[in-house]
Amino acid sequence: MSTPLLEVRGLRVEYPARGWGGRRGSVVPALHGLDLALDDGRSLGIVGESGCGKSTLVRSALGLVAPSDGEVRWRGWTVDTRDRARMRQMRREMQVVFQDPFGSLDPRLTAGESVAEALQALEGVTDAAPTRQRVSAAFAAVGLDASLASRYPHELSGGQCQRVAIARATIVRPRLLICDEPVSALDVSVQAQIVNLLAELRRRDRTALLFISHNLAVVRHLCEEVAVLYLGRIVERAPRDSLFLAPRHPYTRALLAAVPDPDPGEAARRSRAESPTVVADRLPAAGGCPFSPRCPLAVDRCRIEPPELESTGDGAVAACHRWRELPTAQLD
Amino acid sequence: MAQAPLLAIDGLRVAFDAEGGTLQAVRGVALDVRPGECLAVVGESGSGKSQLFLACLGLLAENGRATGSACLDGDELIGSPEAQLETVRGARVGLVSQDPMNALTPHLRIGAQLVEYVTDRGLMSRSQARARALELLGAVGIDDPESRFGQYPHELSGGQRQRVAIAMALMPGPGLLVADEPTTALDVTVQAQVLQVLRRLREGGLTIVLITHDLAVVAGVADRVAVMYAGVVVELAPVAGLFASPRHPYTRALLDSIPRLDAPADRLSGIEGQPPGPHERIVGCAFAPRCRQARDQCRRSEPAPQAAGESVWACHAPLPRGWTT
């Protein structure tokens, strides 16, 4: 078996607790022992609500936060920020696109300079002619008119800035592109353009993709496999079709049910049938399944005994005591 | 005969003085909000959807100017004195924005904010206000309103804050609630919950204007939908007809851009190009440069609104009708 491109083993990340109630030295866990693997050329979606640990996962993969336990491996190498040479190489091979298209570009650099900067910093390309050539190729690849290279971020729309950010990330031909909510801040029509662009770039370069989003419908368009995170734990991981056609975890079902249906008749029917699963106010359980306070199927066992991830068939895993009892016919 | 509209907007224009000339944000909008309906106003960033209603409430930025007319229950709002607009904002129209922290004061307890919002202006007594606040918190689905009364905004989740902001906007008993992107900053599950609250309020007889960039969220809430593009309403129709058979190519394109759970997962259909910038002088139909149906006429003359039944669209080459209301 080949080594995964990115592998996360038993990853636990804790942040120091702040605020009035927190004792000195107390910690808040953001990730509770996560296991994930992404093979070269493949795409994995990470889905969950705010606070589920999606962004902490991205930061750990980039070596920006240190794990409290477990490890992150990049092509078999345990990420170690002290090994500067390897870190440098990893950062060239692993590029990120963030949610806020304006915030991720330097306001004092033109779009072209921003993209060229990545080339200089990561590949040491400084000569004017090859830089110009590569930058204009990168602009063309993301569907940006070359004339926009001389514009500053504030002179561009959100979608254009996001294209610049993608050009900057892909100009060095990374093995892995990490996208952290790259379309959440964009208008729907522009969102579709960016999703299509990412799909095209993936087809062209066979770049692996780690795509973080709270929107399952977008993930479905881009990812071959999806992991659903809830309060720092994976509750379900499955190939695209089994996740969308036969979700095993009640939380996955709640997320799918919450995607607004662009069909008035269907939306009205669904709103009448809306289950209390959606209620997000309740506090997480102290022991037992973290989802149990919100789960319509929770029984006593769920409140006491935390479920482990187990195989549910078709290459999928889910952490639910009751997945076998869920009807298999899906989301009508 | 249709009921008299609660809010009647006509020939409304909003412009901003800026460096390098005037920006036209709203370029002549006629729109009625009927009593008891939920009217969704949908458009992308810069379409003028928010400015349209901010203008009605006298909340434009310093350099903004509104002309035309907007009558709330017969009272003209455009150009009316600040004192009158204050009454409108304070008692007759509730406004909820994208970020609930704009409405909530971080250092005051929830209960005090809701109560003082009305008692400070002598709209009701403290005991009346307290009773109403508890009732409204229950109505927006806040568990155990009594204990929430003593909490601060930071102790609530984003979705709870947004629902408290809705309850606060409803405290004076306004006839109209304007919700400007109320779910955009929220998780999908929480969004579903807030939409459910709006649906229930609408069933309780409240008139709602729901401003959003996301057509998908309006399907389950709105009675009618107005689609805005570059400062004009390009289509207005009952929700079922608009989704089943839109007449304007922009509406069709917006519908096609929505990522769906039930469509083939290959390619999303976006809209190529971008809307005109606010500085651009628009000749003809503003959507023509991005429109697949565009003909010469579309680039020369601005299409006038055409009506059939309940639907209105502004297009020289409307899509065929496949739906009758």
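Calculation notes
- Each chain carries its own residue numbering, running from 1 in the written order of its sequence.
- Written order determines the labels here, with chains lettered from A and ligands numbered from 1.
- Confidence filtering applies because this is a predicted model: local features only for residues at pLDDT of at least 70, side-chain atom pairs given and counted only at 80 or more, and all residues used for totals across whole chains, interfaces and linings.
- Side-chain descriptors were evaluated using all non-hydrogen atoms of the structure, hydrogens and water having been removed beforehand.
- Contacts are assigned to residue pairs that have any heavy atoms within 4.5 Å of one another.
- Buried area adds together the accessible area that both of two parts lose upon being put together, with accessible area traced by a 1.4 Å probe.
- For this analysis, a polar contact is any N or O atom pair within 3.5 Å, provided that within protein one partner can donate a hydrogen and the other can accept it, and provided that sequence-adjacent residues contribute only side-chain to side-chain pairs.
- Runs of E in the DSSP output that reach at least two residues are strands. Runs of H or I that reach at least four are helices, and both are numbered from the N terminus.
- Throughout, the ten residues Ala, Val, Leu, Ile, Met, Phe, Trp, Tyr, Cys and Pro are labelled nonpolar, Asp, Glu, Lys and Arg are labelled charged, and all others, Gly among them, are labelled polar.
- Burial classes follow relative accessibility: with a 1.4 Å probe on protein chains only, a residue under 20% of its type's maximum area counts as buried, one over 50% as exposed, and anything between as partly exposed.
- Two strands pair if DSSP finds at least two bridges between them.
- For every residue, the predictor assigns a confidence score, pLDDT, that lies between 0 and 100.
- Buried residues of nine kinds, namely Ala, Val, Leu, Ile, Met, Phe, Trp, Tyr and Cys, make up a nonpolar core once their side-chain atoms join them within 4.5 Å.
- A helix is expected to span 1.5 Å multiplied by its residue count minus one.
- Take a side-chain nitrogen of Lys or Arg and a carboxyl oxygen of Asp or Glu: if they are within 4 Å of each other, that pair is a salt bridge.

**Re the interface of chain B and chain A**
Here is step 1: Chain B puts 46 residues into the contact, and the matching count from chain A is 43 residues.
Here is step 2: Overall, the association of chain B and chain A removes approximately 3,700 Å² of surface from exposure, summing both partners, and the carbon and sulfur fraction of that is 53%.
Here is step 3: Together, Val188(B), Thr189(B) and Leu261(B) form the three largest contributors to the area buried by chain B at its contact with chain A, with a combined 19%.
Here is step 4: Counting every contact that joins chain B to chain A gives ten residue pairs in polar contact (both at pLDDT 80 or more).
Here is step 5: Looking at the side of chain B that touches chain A, the elements with two or more residues in it are helix 6 (158-170), helix 7 (188-203), helix 8 (215-218) and helix 9 (239-244) of chain B.
Here is step 6: Here the side of chain B that touches chain A gets eight residues from one element, more than from any other, and that element is helix 7 of chain B.
Here is step 7: A breakdown of the residues in the side of chain B that touches chain A according to their chemical character gives 18 nonpolar, 16 polar and twelve charged.

**Structural notes on the pairing of strand 9 (residues 225-230) of chain A**
Residue and element names in this part refer to chain A.
Here is step 1: Within strand 9, five of the six residues are buried, leaving the element largely enclosed by the surrounding structure.
Here is step 2: Taken together, the four bridges between strand 3 (residues 43-47) and strand 9 define a ladder with parallel strand orientation. Across the sheet, Ile46 pairs through a bridge with Ala227, a residue of strand 9.
Here is step 3: Sheet topology note: the strand 9/strand 10 (residues 233-239) ladder contains six bridges and is antiparallel. Looking at the pairing, Val228 lines up with Glu236 of strand 10.
Here is step 4: The turn linking strand 9 back onto strand 10 is made up of two residues, and Leu231 within it adopts a positive phi angle of 45°.

**Focus: the confidence of the model for chain B**
Residues and elements named next belong to chain B.
Here is step 1: Within chain B, residue pLDDT values average 91, and 98% of them lie at 70 or more.
Here is step 2: Mean pLDDT across the secondary structure elements of chain B bottoms out at helix 7, with 90, and peaks at strand 9 (residues 224-229), with 98.
Here is step 3: Confidence metrics for the complex model read pTM 0.88 and ipTM 0.81.

**Notes on the environment of Glu86(B)**
All names here are of chain B.
Here is step 1: Of note, Glu86 is situated in helix 2 (residues 82-92).
Here is step 2: A relative accessible area of 49% means that Glu86 is categorised as partly exposed.
Here is step 3: Expressed as a C-alpha distance, the spacing of Glu86 and Asp32, which sit 54 residues apart in the sequence, is 22 Å.

**Observations concerning the pairing of strand 9 of chain B**
Every regular strand shows the same layout, with side chains that alternate between the two sheet faces.
All names here are of chain B.
Here is step 1: With six of six residues buried, strand 9 is to be regarded as a mostly interior element.
Here is step 2: Where burial is concerned, the two faces of strand 9 agree: the one with Arg224, Ala226 and Met228 and the one with Val225, Val227 and Tyr229 are both buried.
Here is step 3: Bridge count for strand 9 against strand 10 (residues 232-238) is six bridges, and the pairing is antiparallel. Paired with Met228 across the bridge in strand 10 is Val233.
Here is step 4: Count of turn residues in the strand 9/strand 10 antiparallel hairpin: two residues, of which Ala230 carries a positive phi of about 50°.

**Topic: the nonpolar core**
Here is step 1: By size, the foremost hydrophobic cluster in this structure holds 70 residues, and its most contacted members are Ile166(B), Leu177(B), Leu215(B), Val218(B) and Val225(B).
Here is step 2: In contact with Val218(B), other than residues within four places in its own chain, are Ala40(B), Val42(B), Leu210(B), Thr212(B), Val225(B), Val239(B) and Phe243(B).

**Here we look at helix 6 (residues 188-205) of chain A**
Here is step 1: Taking 1.5 Å per residue, 18 residues should reach 26 Å; helix 6 of chain A reaches 26 Å between its end C-alpha atoms and fits that length.
Here is step 2: The buried fraction of helix 6 of chain A is high, at 15 of 18 residues.

**Examining the side chain of Ser257(B)**
Here is step 1: You can see Ser257(B) is positioned in helix 10 (residues 249-257).
Here is step 2: At 3.3 Å, the side chain of Ser257(B) forms a polar contact with the backbone oxygen of Ser269(B).
Here is step 3: When neighbours within four sequence positions are excluded, Ser257(B) is seen to be in contact with Val188(A), Ser189(A), Ala192(A), Leu268(B), Ser269(B), Gly270(B) and Ile271(B).

**Topic: the sheet that holds strand 5 (residues 77-78) of chain A**
All names here are of chain A.
Here is step 1: Pairing is antiparallel across the open sheet formed by four strands, whose spatial order is 2-1-4-5. In the strand order of this sheet, the two ends are held by strand 2 (27-38) and strand 5, each with one partner.
Here is step 2: Taken together, the two bridges between strand 4 (residues 69-74) and strand 5 define a ladder with antiparallel strand orientation. Note on strand 5: the bridge partner recorded for Trp74 is Trp77.

**Comments concerning the pattern of salt bridges**
Here is step 1: Summed over the entire model, instances satisfying the criterion amount to 32 salt bridges over all chains.
Here is step 2: Two residues, Asp223(B) and Arg202(B), come together in a salt bridge whose shortest N-O distance is 2.6 Å. Here Asp223(B), found in the loop between helix 8 and strand 9, pairs with Arg202(B), found in helix 7; they are 21 residues apart in sequence, far enough to count as distant.
Here is step 3: Of the charged contacts, one joins Arg260(B) and Asp262(B) as a salt bridge, the two residues approaching to 2.9 Å between their closest N and O atoms.
Here is step 4: For Asp262(B), a relative accessible area of 55% puts it in the exposed group.
Here is step 5: Three or more residues are tied together by salt bridges with common partners; here these are Glu7(A), Arg9(A), Glu71(A) and Arg73(A).

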